Amino acid sequence: MRLGIFGTGYAGLVTSVCLAQLGHTVTAMDTDAGIVARLSQGLVTIHEPGLAELLGANLDAGRIRFTTRAEEAIAGSDIIFVCVGTPPRSDGRADLCQVEEVARTIAQQLDGYKLIVEKSTVPARTARWITWTIRRLAGPEHEFDVASNPEFLREGSAVHDFMRPDRIVIGADSQRARSLLLDLYKPSFECPIVVTSVTTAEFIKQTANAFLAAKISFINVMSDLCEALGVDVRTVAQSIGMDPRIGADFLNAGLGFGGACLPKDLSALISVAEENGVDIRMLQEVERINSARVDRLLTKIERALWIVRHKVVAVLGVSFKGNTDDIRGAPSLTVVPRLHDAGASLRIYDPAAMPKLQAMYPPDDRLVYAESAMDAARDANALVILTDWEEFRRLDLDRLRSVMRSPIIIDGRNLFRPAQLEAAGFEYYSLGRGDVTPGSNGHRGST
Ligand SMILES: NC(=O)c1ccc[n+]([C@@H]2O[C@H](COP(=O)([O-])OP(=O)(O)OC[C@H]3O[C@@H](n4cnc5c(N)ncnc54)[C@H](O)[C@@H]3O)[C@@H](O)[C@H]2O)c1
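Predicted, not measured: the structure shown is a model, and the values here were computed from it.

Rules used in this analysis
- Residue numbers restart at each chain and count upward from 1, following the sequence in its written direction.
- Reporting in this predicted model follows two pLDDT cut-offs: at least 70 for local features of residues, and 80 or more for side-chain atom pairs to be given and counted; totals over whole chains, interfaces and linings ignore these cut-offs and use all residues.
- Note: side-chain values were computed over all heavy atoms of the structure, leaving out hydrogens and water.
- A molecule or strand has a residue near it when one of that residue's heavy atoms lies within 4 Å.
- Counted as a polar contact is a pair of N or O atoms within 3.5 Å, where, for protein atoms, one must be capable of donating a hydrogen and the other of accepting one, and residues adjacent in sequence contribute only when both atoms are in side chains.
- What counts as a helix is a DSSP run of H or I of at least four residues, what counts as a strand is a run of E of at least two, and both are numbered from the N terminus.
- Three residue categories are used. Nonpolar comprises Ala, Val, Leu, Ile, Met, Phe, Trp, Tyr, Cys and Pro, charged comprises Asp, Glu, Lys and Arg, and polar comprises the others, including Gly.
- Accessible area is worked out with a 1.4 Å probe on protein chains only. A residue is then buried under 20% of its type maximum, exposed over 50%, and partly exposed in between.
- Each C-beta atom gives one direction from the helix axis, and the arc is the one those directions make.
- Expected helix span is given by 1.5 Å per residue-to-residue step, counting one fewer step than there are residues.
- The criterion used for residue contact is that any of the two residues' heavy atoms lie within 4.5 Å.
- Strand pairing is assigned whenever DSSP identifies at least 2 bridges connecting the two strands.
- Here, the term right-handed applies to a crossover whose path from the first strand over the helix to the second runs clockwise when the strands point away from the viewer.
- Only the stretch in contact is used when fitting a helix axis, every axis being a line fitted to C-alpha atoms; angles between N-to-C directions are given from 0 to 180 degrees.

Undergrad: Got a minute to help me understand the site of the ligand in this structure?
TA: By nearness alone, 26 residues border the ligand, and Ala11, Asp30, Thr86, Glu155 and Lys264 come closest of all. Aspartate 30 has a polar side-chain atom sitting 2.6 Å from an oxygen atom of the ligand. Take threonine 121: an N or O atom from its main chain is 2.9 Å from an oxygen atom of the ligand. Of all the secondary structure elements, the ones that give two or more residues to the shell around the ligand are α1 (10-21) and α5 (97-109). Counting residues per element, the shell around the ligand draws most heavily on α5, which supplies 3 residues. Grouping the constituent residues of the shell around the ligand by class yields 10 nonpolar, 8 polar and 8 charged.

Have a look at this one:
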């Protein structure tokens, strides 16, 4: 099929490249000329495992091209995917300006029947606004449908998730739209395909993200209780996760959820509930619990160092999770300025995301971007882990201890076992397990 894609950010680029890999002819449009220029040369604009290889192969095969000209993505396309951003407004609602702009652009260029598909995460009933916008501008003679096909990929494993989905959700209110989307996906995927109404599909995505957020906040509350009771939250999470009714994923206690999706999608859903007079306090609590996680870590840092001023603190991890360079909603955005304002000298390292933080916080005499985790740790009074990069888990602990001024680790992601770090000679503070402090003498509570 011939496909047009609007927006080549984290979701749109993966969607474009993977659909090309499935054999479709993709024209991907973005208003950012810099992004289009880089992608056209085969240079990926985001860090995502496997993406660079697929981009190169599909450019070479002539199955994908990038443009800033909307008409090229519309002309001749059977399906147009909308993958633009839906960031949060200051009042918590989803900002749908980019979606509306795409709708207006498409309305002006309709050249025969088009299926316009929301892939961006939008509040339920957004498709109605897209339909009305196009209908008003294009007039009654043009044929089109608006469908919803929410994207469930996870940054860090997005290519894998797109190519091996658990399920595909197709929200379509006309037979023509349903058939087109089934023709697109059915030959390539064996997973369940849920076919439903447009509004239901929009709401499935909002509900999925709200549930995942709730699961994370739930285990984080249990984690605080585990600490109070002298119980290890990881053992509790593993055990309850063996129950298929609960499931093992998204039960990692720590700094909570971040990124560009869960926080904004949760607050957008809360706004929808409020507008509809539905009691949504449960999800407001999920949000509140999540926003307190970073404060809990900062309290641990103070507990470990007493006075932060004039201390050298190594910060490992800038992205909101491992395997991505995305820093939207990342704990680093709170922790770095708070420690800097408190007078600490920061030595920061991340395998992929440092340029993005550096653009916001340029280096100064108390803020250094290091070349490696070991380099960041050199002469540090403490090391703070903010992201679950695999390379941090594999650090050589003996060497780490030898380069640090004092062997203190505050781990926001529970990458290590307390007993392991105690044996390696560290003071170790984590979330939801007993801390290894100078006075703990091996009595950290049960596992
Ligand atoms: N990031 C993810 O992992 C993920 C996963 C599932 C769903 N989503 C959803 O996908 C949507 C996009 O998210 P993202 O993280 O890719 O955002 P992003 O900010 O990385 O990308 C948005 C892109 O759209 C471009 N754009 C803006 N206005 C445009 C226009 N009028 N025409 C063409 N391009 C335009 C921007 O230049 C940018 O490159 C959001 O609704 C998000 O919730 C994202």
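Undergrad: I'm lost on unusual backbone geometry in this one. Help?
TA: Its identity as a non-glycine residue notwithstanding, tryptophan 306 has a phi of 65°, on the positive side. Tracing the chain through its elements places tryptophan 306 in the loop between α13 (293-305) and β9 (312-316). On the basis of relative accessibility, which here comes to 71%, the residue tryptophan 306 falls in the exposed class. Backbone geometry places aspartate 379, a non-glycine residue, at a positive phi of 60°. Owing to a relative accessible area of 43%, aspartate 379 belongs among the partly exposed residues under this scheme.

Undergrad: Would you mind showing me how to read helix α8 (residues 175-185) here?
TA: For the α-helix, the turn length of 3.6 residues means that residues three or four positions removed from each other point alike. Taken together, the buried positions of α8 are occupied by Ala177, Leu180, Leu181, Leu184 and Tyr185. Buried positions in α8, seen along its axis, are confined to an arc of 120° and lie on one side of it.

Undergrad: Sorry, what's going on with helix α11 (residues 262-275) here?
TA: Between its first and last C-alpha, α11 extends 20 Å over 14 residues, near the 20 Å set by a 1.5 Å rise per residue. Burial of α11 is extensive: 11 of the 14 residues sit out of reach of the surface. For α11, every residue scored as buried is listed here: Leu262, Lys264, Asp265, Leu266, Ser267, Ala268, Leu269, Ile270, Ser271, Val272 and Ala273. Considering only its buried residues, α11 is in contact with α9 (198-229) and α12 (281-291). Two residues or fewer after α11 comes glycine 277, characterised by a positive phi angle close to 70°.

Undergrad: How should the environment of aspartate 32 be read in this particular structure?
TA: Relative to the elements of secondary structure, aspartate 32 occurs in the loop between β2 (25-29) and α2 (33-40). Between the C-alpha atoms of aspartate 32 and threonine 68, which are 36 residues apart in sequence, the distance is 7.1 Å. A distance of 2.9 Å separates a polar side-chain atom of aspartate 32 from the backbone nitrogen of glycine 34. Polar side-chain contacts of aspartate 32 include one of 3.2 Å to the backbone nitrogen of isoleucine 35.

Undergrad: In this structure, what is going on with the pairing of strand β6 (residues 144-148)? I would like to understand it.
TA: As a general feature of sheets, a regular strand has side chains that alternate between the two faces. With 5 of its 5 residues buried, β6 lies for the most part within the structure. Neither face of β6 is open: one carries Phe144, Val146 and Ser148, the other Asp145 and Ala147, and all of them are buried. Of the strand pairs in this sheet, strand β5 (residues 114-118) and β6 are connected by 5 bridges, and their pairing is parallel. For isoleucine 116, the partnering residue across the bridge sits in β6 and is valine 146. Assessed by its sense of winding, the connection that carries the chain from β5 through helix α6 (residues 126-138) to β6 is right-handed.

Undergrad: Explain the sheet that holds strand β11 (residues 367-369) to me, please; I cannot follow it from the model alone.
TA: Note on sheets: strands pair through backbone hydrogen bonds, and any given pair is parallel or antiparallel. In space, the 6 strands of this open sheet follow the order β11-β10-β9-β12-β13-β14, with parallel pairing throughout. The open sheet has two edge strands, β11 and β14 (427-429), and neither has a second partner. Across this sheet, the average inter-strand angle for adjacent strands is 20°, counted without regard to direction. Bridge count between β9 and strand β12 (residues 382-385): 4 bridges; the pairing is parallel. Paired with leucine 316 across the two strands is isoleucine 385, which belongs to β12. Taken strand by strand, α13 contacts β9, β12, β13 (408-411) and β14, and its axis lies near 170° from that of β13. Packing of helix α14 (residues 332-341) onto the sheet brings it into contact with β9, β10 (345-349) and β11, and relative to β10 it is tilted by some 155°.

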